[in-house]
Amino acid sequence: MAVIIELRNVTKTYKLGDEVLNALDNISLTINQGDFVAITGVSGSGKTTLANIIGGLDRPTDGSILVDDKELSHLNDRQLSDYRNHHIGFVFQSFNLQNTQTAVENVMLPLIFSRMKARARKSRAIECLQAVGLGDRLMHRPNQLSGGQRQRVAIARALAVKPSIILADEPTGNLDSQRGEEIIKLLKDLNKEGITLIIITHDQNIARQAGRIIQIQDGKVKA
Amino acid sequence: MRFTDYITLALHNILRAKLRSALTVFAVVIGALSVTIMLTIVFSAKGFITNQFEQNGTFQQIEVSPEQSIQWGSNDNQCQGQSSDPSCVKLTESMVSGITKMAHVVGVARETQVNGFDGLFYGSKKLKLNQIVAYDTNGVVQNTMLAGRDIGPNDGNGVLTVTSDYADALGFKNNYQALVGKAVTLHAQGWYSGVGSDPIAQNNYRQTQCQSMTPGQNCEPPGTEITGKIVGVTDASGPAGGNGYTVRVSLGWARGMEENQTYQVSPMAQSVTSNYCMNVHGPCNPPQPKPTLTITDELALNGYTALIVKADTASNAAGVAKNIRNQYKVGAADAETAIKQQLAIFNIIGAILGGIGGIALVVAAVGVINTMVMSILERTREIGVMRAVGARRSTISRLFTFEASLLGLFGGVLGILIAYALTLVGNPIINHQLKGNGISSSNILSMPPWLIVSVLVGTTIIGMLAGLYPAQKAAKLNPVEALHYE
């Protein structure tokens, strides 16, 4: 499998007053295309920071990150936004859906930023919602859906732009175990279709299902 | 992001917080409404005045006066009957023919104001008569007729027009046509010596009544009454309006009214009598001198009250006025120059009133800033999501600027609509007032298209400017922090 993500000596530091905090400390790793990777670690270990840097939401203080041979740390805001729009599908623990909009409208959001025409993006949004089993909940607003259904809408939104990587940060954190398993199964199905899946989790049951586990401790890769 | 998506998203966000958006728009409406109404009133008033002059072709007119320091439109004639005053230049026939030949002059109307009349009687109604005017009927001065016809070239003595003020006072308000054809009496003061006067009776009165009076006692014979037929009613605000209560007659009749008819012993006859006994020794009984009738053309002697000169175009009027001043050393004023000076005051009033409205708009802008900042605080997480799924900083900035601009635009549109509704309500009221004053103008309150466009563009720009700071604030949000904002 080809390498899709490569981190070389990535360091991320935060300044808290006079104190300098190393969120990521000289991390180097590669992730292959189509991999299912679980990033685990205790709270504050740096796993979310790592995910944010891979997702182009944050920039490393030092080191370089290549995604599809593209050096992210050299990209300007416009290029980085386009990278997120075209390559990354984010799934968040708290879903981050817009309550005033319907499921279809929520899924269409990334397509608005990729300048897709209204009719085409609606049809794509419906397609994605059907793929996650919500074909009968298209016009429902988030507050009319269960937690599991909301996360499915969020996954449909992540799928909308046909990303090469899905970054899921504690995707089951707000769900009961049964709904959580359903969501993981859905994500695994997407991974089987060729999408690189990176799940940030502290749940070992989920981590064990991944093809590879990257454990972060004090900003470093433990194993 | 597509332009239509900016509009759709911005509208969606505005409608999301309906009450807050409505209150913000309301503040803009107040500002837009103030600016629109105040400027509409100022520009409508300005337009109305200008129209009144344009309708009568007044902008092509130059008023020539014996006085050098003439103000256009002033009836204050210091040189009336003061031909001996060196600062007053007599307006003569030769001057009229000279001006007629000047470049850009298409016509000259000679004007005179007749003195000596003090009353206009119709039936039992006795009204004060302010002035009788007369000028050539060559089309240089155009009157607005509310009924009947104007004085024509074939009219002689006994024909007159009155202003709508007179018609109203005589009880013909709203029915001017009924006054046409009616006879009125013009009352002249005791020593009036023009056409229709009785100089012999006046002479007898002087010889008898005045002689018996003690010095200092006012000796005045009974006045003279002249009858005239009303052929038309003119608009009191028009050129024949004067100070409202004015009668217009033909120039020929006015010349007659200004004549000085005297029935007196001539100085020569008096001298013959005085010298009769010079070489006579003994008793001498000289023959008593007989009074004779003398008629003096006072108008020819004193010159015209004014000349109204018509230039070929309004733009040439100022130049013609200057040429007349230079050549004849008389006063010559064109309407446009004078009106421009008067209208300048409206620009100042407009600027002040518009400024007050502008302050309201600034306050509204602060409201927009406040609303947008609040909105950004509430939507921080949403901004984070948008950034995560591919929104650029510039996209976020534009989206919020768009929202603020739309708030401004909505305020502007509502302000204009309310202002328009107010003009619809105000026009009938103003029409009624104007009609009451004999002015037949209607619907003077109108919003010029440029004002509508300016207000809409202005409020949109104000909204946009007010949105710049919040939009920048939103665009600069760190997506990671925004996503975790509680």
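Please read these numbers as outputs of a predicted model, since none were measured by experiment.

(A) Representation of the overall build of chain B. Summing up its helical and strand segments, chain B has 14 helices and 14 strands in all. For chain B, with 486 residues in total, the buried portion stands at 41%.

(B) Spotlight on helix H1 (residues 47-54) of chain A. All names here are of chain A. With eight of its eight residues buried, H1 lies for the most part within the structure. Residues of H1 that are buried: Lys47, Thr48, Thr49, Leu50, Ala51, Asn52, Ile53 and Ile54. Looking one or two places after H1, you find glycine 56, whose phi comes out positive at around 75°.

(C) Structural view of the interface of chain B and chain A. Contacts between the two partners involve 18 residues from chain B, matched on the other side by 20 residues from chain A. Elements represented by at least two residues in the side of chain B that touches chain A include exactly helix H1 (3-16), helix H11 (380-388), helix H12 (393-436) and helix H14 (479-483) of chain B. No other element matches the five residues that H11 of chain B contributes to the side of chain B that touches chain A. The residue makeup of the side of chain B that touches chain A, split by class, is nine nonpolar, two polar and seven charged.

(D) Region of interest: the pairing of strand E4 (residues 62-67) of chain A. Residues and elements named next belong to chain A. Where strand E1 (residues 3-16) lies against E4, five bridges are found, and the strand directions are antiparallel. Paired with glutamate 6 across the bridge in E4 is leucine 66. Pairing geometry for E4 and strand E5 (residues 70-71), over two bridges, is antiparallel. Bridge pairing links leucine 66 to glutamate 71 in E5. What sits between the antiparallel neighbours E4 and E5 is a turn of two residues, in which aspartate 68 has the positive phi angle 50°.

(E) Region of the structure containing the sheet that holds strand E2 (residues 19-32) of chain A. Residues and elements named next belong to chain A. The strand order across the open sheet formed by four strands is E2-E1-E4-E5, and the pairing between neighbours is antiparallel. The sheet is open, and its two borders are formed by E2 and E5, each paired with just one other strand. Taken together, the ten bridges between E1 and E2 define a ladder with antiparallel strand orientation. Along E2, the bridge assignment pairs lysine 15 with valine 20.

(F) Molecular detail of the nonpolar core. Counting 116 residues, the largest nonpolar core has Val107, Ala156, Ile166 and Leu187 of chain A as the members making the most contacts within it. When residues of this core are assigned to their parent elements, the largest contribution, 13 residues, is made by helix H2 (residues 18-55) of chain B. Those residues in contact with leucine 187 of chain A that sit more than four places away from it in its chain are Ile155, Ile166, Ala168, Pro171, Leu197 and Ile199 of chain A.

(G) Representation of the environment of leucine 445 of chain B in the model. All names here are of chain B. Among the structural elements, leucine 445 can be located in the loop between H12 and helix H13 (449-475). Taking the number of C-beta atoms within 10 Å as the measure of exposure, leucine 445 has 24 and is therefore buried. Separated by 408 residues in the primary sequence, leucine 445 and isoleucine 37 have C-alpha atoms spaced 9.5 Å apart. Setting aside chain neighbours within four positions, we find leucine 445 in contact with Thr40, Ser44, Thr423, Gly426, Asn427 and Ile430.

(H) Structural detail: unusual backbone geometry. Notably, asparagine 9 of chain A is not glycine yet its phi reads approximately 50°, a positive angle. Within the secondary structure layout, asparagine 9 of chain A lies in strand E1. Despite not being glycine, histidine 104 of chain B has its phi angle at roughly 70°, a positive value. With respect to the secondary-structure elements, histidine 104 of chain B resides in the loop between helix H3 (93-100) and strand E2 (105-114).

(I) The sheet that holds strand E9 (residues 212-217) of chain A, seen in detail. All names here are of chain A. Spatially, E6-E7-E8-E3-E9-E10 is the arrangement adopted by the six strands of the open sheet, whose pairing is mixed. In this open sheet, the two strands that pair with only one neighbour each are strand E6 (88-91) and strand E10 (220-221). Looking at chain direction, strand E7 (residues 165-169) and strand E8 (residues 196-200) are connected through five bridges and run parallel. Across the sheet, leucine 167 pairs through a bridge with isoleucine 198, a residue of E8. Here H1 sits on the sheet and contacts strand E3 (36-40), E7, E8 and E9; the angle it forms with E8, its principal contact strand, is near 150°.

(J) Here's a closer look at the confidence of the model for chain B. Residue-level pLDDT values for chain B average 84, and 92% of them are 70 or greater. Model confidence for the complex: the whole-complex pTM is 0.67, and ipTM, which rates the interface, is 0.92.

(K) Spatial organisation of the environment of aspartate 35 of chain A. All names here are of chain A. Checked against the element boundaries, aspartate 35 lands in the loop between E2 and E3. Given 20 C-beta atoms within 10 Å, aspartate 35 falls into the buried group. Each C-alpha atom of the pair aspartate 35 and asparagine 191 lies 7.4 Å from the other, and the pair is 156 residues apart in sequence. In contact with aspartate 35, other than residues within four places in its own chain, are Thr196, Gly211 and Arg212.

About the thresholds
Residues numbered from 1 in each chain as written. Chains lettered and ligands numbered in written order. Predicted model: local features only at pLDDT ≥ 70, side-chain atom pairs only at ≥ 80, totals over all residues. Helix = DSSP H or I, 4+ residues; strand = E, 2+ residues; numbered from the N terminus. Buried ≥ 20, exposed ≤ 12 C-beta atoms within 10 Å, placed from the backbone. Contact = placed C-beta atoms within 7 Å. Nonpolar A, V, L, I, M, F, W, Y, C, P; charged D, E, K, R; others polar. Pairing = 2+ DSSP bridges. Core = buried A, V, L, I, M, F, W, Y, C linked by C-beta atoms within 7 Å. Axes fitted to C-alpha atoms, helices over the stretch in contact; angles between N-to-C directions. pLDDT = per-residue confidence, 0-100.

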